[in-house]
Amino acid sequence: MKRKFLLGMLAIATLSLTLAMPGAKAQKGTADIDVQHYKIDAELIPSEQLLRAKTEVTFIPQADTRTAVFEMNGSLAIKTIVRTDAASPPTPTTSSTAGASQAPTLARGAARVTDTKSNNPPKTNLNKEPQTKPAPKGAQPAAKDAVQEVPDLQFIQDSRENMNVRVDLGSVVPAGKPVTLAFEYEGALESAQGGPIATRLAYVGDAGSYLFYAARWFPFHEYAADRATYEITLKVPKDIMVAGYSEQPVAAVPLVDAKTKEEFSIYSFVCAKPVLPGSFAAGKYLIRTANFGGFTVDFYVKAGDEKWADHAMDVVGKHLEFYSTQFGRYAFGNKLIIAETDEDTLETYSGPGTMFISPRALASGIDEKLAREVAYQWWGQAVGLKSFDDTWLSQGLAQFSTLMYQKKEENESQFQQALQAELEKALAFEQSSSIRNAPKQLDDQTPAFRSIVFHKGALVLNMLRQLMTEEKFDKMLRDYYAQFNGQNVTLDDFEDFTSKAAGRDMRFFFGQWVDSTGVPEFRAEYRMLRTKDGMFRIPGTIKQDLDTFEMPVDIILKTEAGNERQTLFLKGTSVDFDIITKSNPVEVIVDPDTKLLRSSETLREGVIVRRGIEHFREQEYIEAEQQFQAAIKLNRGNSWAWYNLGLLYMAQRNWKKGLDAFEQTLNGNLRPDWVEVWSYIYSGNCWDMVGQRERAVTEYNKAISNGNNYDNAQESAKAFLAEPFGKRKAASSSSETR
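Worth saying up front: this structure is predicted, and the values here are computed from it rather than measured.

Caption draft 1: Expanded view of the overall build of the protein. Check the secondary structure of the protein and you find 18 helices and 28 strands. Look at the contacts in the protein between residues 6 or more apart in sequence, and 69% of them connect residues 24 or more apart. Per element, the accessible surface of the protein, about 31800 Å² overall, is 48% carbon and sulfur.

Caption draft 2: Up close: the packing of aromatic side chains. Tallied over the entire structure, the rule returns 51 aromatic pairs. On the basis of an interplanar angle of 20° and a centroid distance of 5.8 Å, the ring pair of Tyr213 and Tyr223 is categorised as stacked. Pair noted here: Tyr213 is in the loop between β9 (209-211) and β10 (228-237) and Tyr223 is in the loop between β9 and β10, with a separation of 10 residues, a long-range link. The aromatic ring of Phe264 is capped on one face by Lys235, whose charged end is 4.3 Å from the ring centroid.

Caption draft 3: Up close: helix α4 (residues 367-375). Counting buried positions over the 9 residues of α4 gives 8, a clear majority of the element. Within α4, burial applies to Glu368, Lys369, Leu370, Ala371, Arg372, Glu373, Val374 and Ala375. Residues of α4 that are buried in the fold lie against α2 (306-327), β18 (348-351), β19 (354-357), α5 (392-409), α6 (412-428) and α8 (447-468).

Caption draft 4: The arrangement of the pairing of strand β12 (residues 253-256) in detail. Summarising the sheet, β12 and strand β13 (residues 263-275) pair through 4 bridges and their orientation is antiparallel. Following the sheet pairing, Pro254 is matched in β13 by Ser265. The antiparallel hairpin formed by β12 and β13 contains 6 residues in its connecting segment, where Lys261 sits at a positive phi of about 65°.

Caption draft 5: Examining the pattern of salt bridges more closely. Per the counting criterion, the structure on display carries 46 salt bridges. Salt-bridge contacts for Glu470 lead to Arg465; the nearest nitrogen and oxygen are separated by 3.6 Å. Look at Glu470 and you get partly exposed, because its relative accessible area is 32%. Taking the relative accessible area as the measure of exposure, Arg465 reaches 6% and is therefore buried. Among the ionic contacts, a cluster of salt bridges with common partners joins Glu43, Arg52, Lys79, Glu186 and Lys235.

Caption draft 6: Summary view of the sheet that holds strand β5 (residues 154-158). Spatially, the 3 strands line up as an open sheet ordered β3-β6-β5, and their pairing is antiparallel. Pairing within the sheet leaves two strands with one partner each, and these edge strands are β3 (65-71) and β5. Mean inter-strand twist for the sheet, computed between neighbouring axes without regard to direction, equals 20°. Note that β5 and strand β6 (residues 164-173) share 5 bridges and pair antiparallel. When the sheet's bridge partners are listed, Ile156 is paired in β6 with Arg166.

Caption draft 7: How the structure looks around the sheet that holds β12. Across the sheet, which stays open at both edges, the 7 strands sit in the order β4-β7-β2-β1-β10-β13-β12 with mixed pairing between neighbours. One side of each edge strand has no neighbouring strand; the edge strands of this open sheet are β4 (77-83) and β12. For this sheet, the mean angle separating the axes of adjacent strands, direction not counted, is 20°.

Caption draft 8: How the structure looks around the packing of helix α12 (residues 601-617) against helix α13 (residues 621-634). Following both chains from N to C, one finds α12 and α13 inclined at 165°, their axes separated by 7 Å at the closest point. Between α12 and α13, the angle is such that the two are roughly antiparallel. Between α12 and α13 lies a crossing whose hand is left-handed. Contact residues: α12 offers Glu605, Ile608, Val609, Arg611, Gly612, Ile613, His615 and Phe616, while α13 offers Tyr621, Glu623, Ala624, Gln627, Phe628, Ala630, Ala631 and Leu634.

Caption draft 9: Expanded view of the nonpolar core. Ranked by internal contacts, the top residues of the largest apolar core, which has 170 residues, are Trp217 and Tyr480. Apart from the residues lying within four places of it in its own chain, the contact partners of Tyr480 are Trp379, Val383, Leu393, Leu397, Val489, Phe494 and Phe497. In terms of nonpolar packing, the next biggest core, distinct from the first, is built from 37 residues, Phe616, Ala624, Trp655 and Val677 among them.

Caption draft 10: The arrangement of α8 in detail. Between its first and last C-alpha atoms α8 spans 30 Å; for 22 residues at 1.5 Å apiece the expected length is 32 Å, and the two agree. Counting buried residues along α8, 22 of its 22 residues qualify, which places the element largely inside the surrounding structure. Thr469 sits one or two positions beyond α8 and adopts a positive phi of about 85°.

Caption draft 11: Examining the side chain of Glu186 more closely. Considering the arrangement of structural elements, one finds Glu186 in strand β7 (residues 179-188). Looking at Glu186, its side chain comes within polar contact range of the side chain of Arg52, at 2.9 Å. At 3.2 Å, the side chain of Glu186 and the side chain of Lys79 are in polar contact. In contact with Glu186, other than residues within four places in its own chain, are Leu51, Arg52, Ser75, Leu76, Ala77 and Lys79.

Caption draft 12: Local environment of unusual backbone geometry. In this structure, Pro672 follows Arg671 across a cis peptide bond, with omega equal to -5°. With respect to the element layout, Pro672 can be found in the loop between α15 (655-667) and α16 (675-689). Unlike most non-glycine residues, Gln49 shows phi in positive territory, near 55°. Here Gln49 shows up in the loop between β1 (33-45) and β2 (50-61). Looking at Gln49, the relative accessible area reads 21%, which means it is partly exposed. Positive phi, close to 70°, is recorded for Ala224, a residue that is not glycine.

Caption draft 13: Layout of the confidence of the model for the protein. Averaged over all residues, the pLDDT of the protein equals 87, while 85% of them reach at least 70. Predicted confidence is poor over residues 88-148, with pLDDT under 50, and the contacts of this stretch with residues over four places away or in other chains come to 97 contacts. Counting contacts from residues 729-738, a segment whose pLDDT is below 50, to residues more than four positions away or on other chains yields 35 contacts.

Caption draft 14: Expanded view of the environment of Tyr480. Here Tyr480 is to be found in helix α9 (residues 470-484). Taking the C-alpha atoms as reference points, Tyr480 and Gly328, 152 residues apart in sequence, are found 9.7 Å from one another.

Caption draft 15: The environment of Leu461, seen in detail. On the secondary structure map, Leu461 appears in helix α8. Placed 65 residues apart in sequence, Leu461 and Gly396 show a C-alpha to C-alpha distance of 8.0 Å. Once residues lying within four places of it in the same chain are set aside, the contact partners of Leu461 are Trp392, Gly396, Leu397, Phe400, Phe473 and Phe494.

Cut-offs used in this document
Residues numbered from 1 in each chain as written. Predicted model: local features only at pLDDT ≥ 70, side-chain atom pairs only at ≥ 80, totals over all residues. Heavy atoms only, no water. Helix = DSSP H or I, 4+ residues; strand = E, 2+ residues; numbered from the N terminus. Contact = heavy atoms within 4.5 Å. Areas by Shrake-Rupley, 256 points an atom, 1.4 Å probe, with all protein chains shown as cover. Phe/Tyr/Trp six-rings, centres within 6.5 Å; stacked < 30°, edge-to-face > 60°. Lys NZ or Arg CZ within 6 Å of the ring centre and 35° of its normal. Buried < 20%, exposed > 50% of the residue type's maximum accessible area, 1.4 Å probe, protein only. Pairing = 2+ DSSP bridges. Salt bridge = Lys/Arg side-chain N within 4 Å of Asp/Glu carboxyl O. Axes fitted to C-alpha atoms, helices over the stretch in contact; angles between N-to-C directions. Parallel < 35°, antiparallel > 145°, perpendicular 65-115°, else oblique. Left-handed = near helix turned anticlockwise from the far one by under 90°. Core = buried A, V, L, I, M, F, W, Y, C linked by side-chain atoms within 4.5 Å. Expected span 1.5 Å × (residues − 1). Polar contact = N/O pair within 3.5 Å; in protein donor to acceptor, adjacent residues only side chain to side chain. pLDDT = per-residue confidence, 0-100.

What follows is the structure, given as structure tokens:
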């Protein structure tokens, strides 16, 4: 691997030598261009799993440069790159009086490496001269002063190590001058090979196709940050529908190939405001439509999965309404498009005005993920990022938005359970990195990244809301959205905006919770005294170890007659309290409503289970069982640990052990409360798989009688009543959300 990397870098280093030509200035880096517009004409050929495309990219260099670097999916081979902005021919290389050596001539194109296991570097032909198209037969030779046709540009495509293409622009382009490059390329999109992660983000096939922005299926620059306008045309077989965002109405335009008589459909998508472009799905879809408070949700769903679409649209539509009211008007018109993908890609994905859902996610509900994907339309799509390092302002804000919805729509007990789950997820890997450093230090597909950026990030925003007061924070977030909609922001921009809204410098808060790791663990030290007049006095101190801590802290005094509440402002490591009550006191509880990011003995049990869940997600079954059993050893009544152990046994097809685990779940503390309904359903699944249909039906009926509809439980129970679990492929349980 090391040898392959060095050979590949040698080819790229050769290209960089052109910058040593007289008059050229060194390029500052790949971030020094700003893409303005894409014009893409692409054809999907499902029968061959092939994408064929011509893409014009218009960009503005931010510094004088002769090279431009774009990311590109390694499965796509670039044939030619031509400069179409009336560029002058390449500057001839001459010897410098200072003794500079002549730069070598570069290959016009580097061949795509299709075998990632090969030891071959990106292929180049460093002696091949730039090409121009030959003159027509019989044409007169052009005069020396005549304008020559612009030759194809020279470039090197690294299809394996860096997944990019480095283009020699032919001459030094001054800063601020628009450049348009026309790329012609094609390739098979059938696996994750060539993409940025091990999960497939682009696919073309008979069962359905999808092209995600993150797949780099077009010349791509500065992930999550460089937004552009677009005109994108997709050509597909006649019976295929295409789903994607367009500011103008989209309709299939029929096309017949004059030679082959094959019939096609052409779909055109236009966006005149800068966005993160290029997310589409294509397939033999049915369209389901629902309306919510002035919004239309169109669901492109595959035949046979329509029964799951209504619930998903209901979740999406209600969150569209809530977020528009809470944060500001949805930025992409009055329509949100959802398209079903396949089992080999991400469970959910978002583009501007679009969402993509896998069949597994669709069937299992995952309301939390759907809610988060809708929130990305505000945080990440409408308000963008200067770089991926600022991703807390997208992923953290989106997760926080789901909590805001739950607080409004759910009862107090349900919301407390949601906060408890969020806190356990946040603490599972809290020491791995800070929120600010996580994008630099952690892979964004790992449990640790999700723990810190999504879950800790959401709770930090929730604490900021408590510190500023709910009214002031909510107004700040609406003003933030109004000001930065259509712009890119940084963490520092958000901090400055927050400080202005709060009327004080908030560096102390961001330094503690965004830049640093560590959470407090509160201790209440107090005495219970009887006064002369028959009252009770409870003087005491709340302590914790973070000397930079500054937050309001709620406490309640539990008495035989009820609870008495106080809010203390804790700055530093301790704060005193003194409570007078008529009723006999029982105990003092700190942060009873889980408003603060903190640790405790009880939370540590949940954190152990969360770590087991992450091992389970990675199919590390032995490690997962060890974590679940460790939590059970601490507390045999921990329904949450037993429940996840039951899911683990089901994944291993150990139906008898699964039944035992779900029975223990039902005999435990039943926290969170929805484990009861899903334990009935999964017990029914286990009975189905051992041929005990009557017992299975009994369990499904118990689930229906329970009435809890968490994650679409009622529809799932009815579906299993209609058709036994073993008769169809069961939807994979998402243990992260269960």
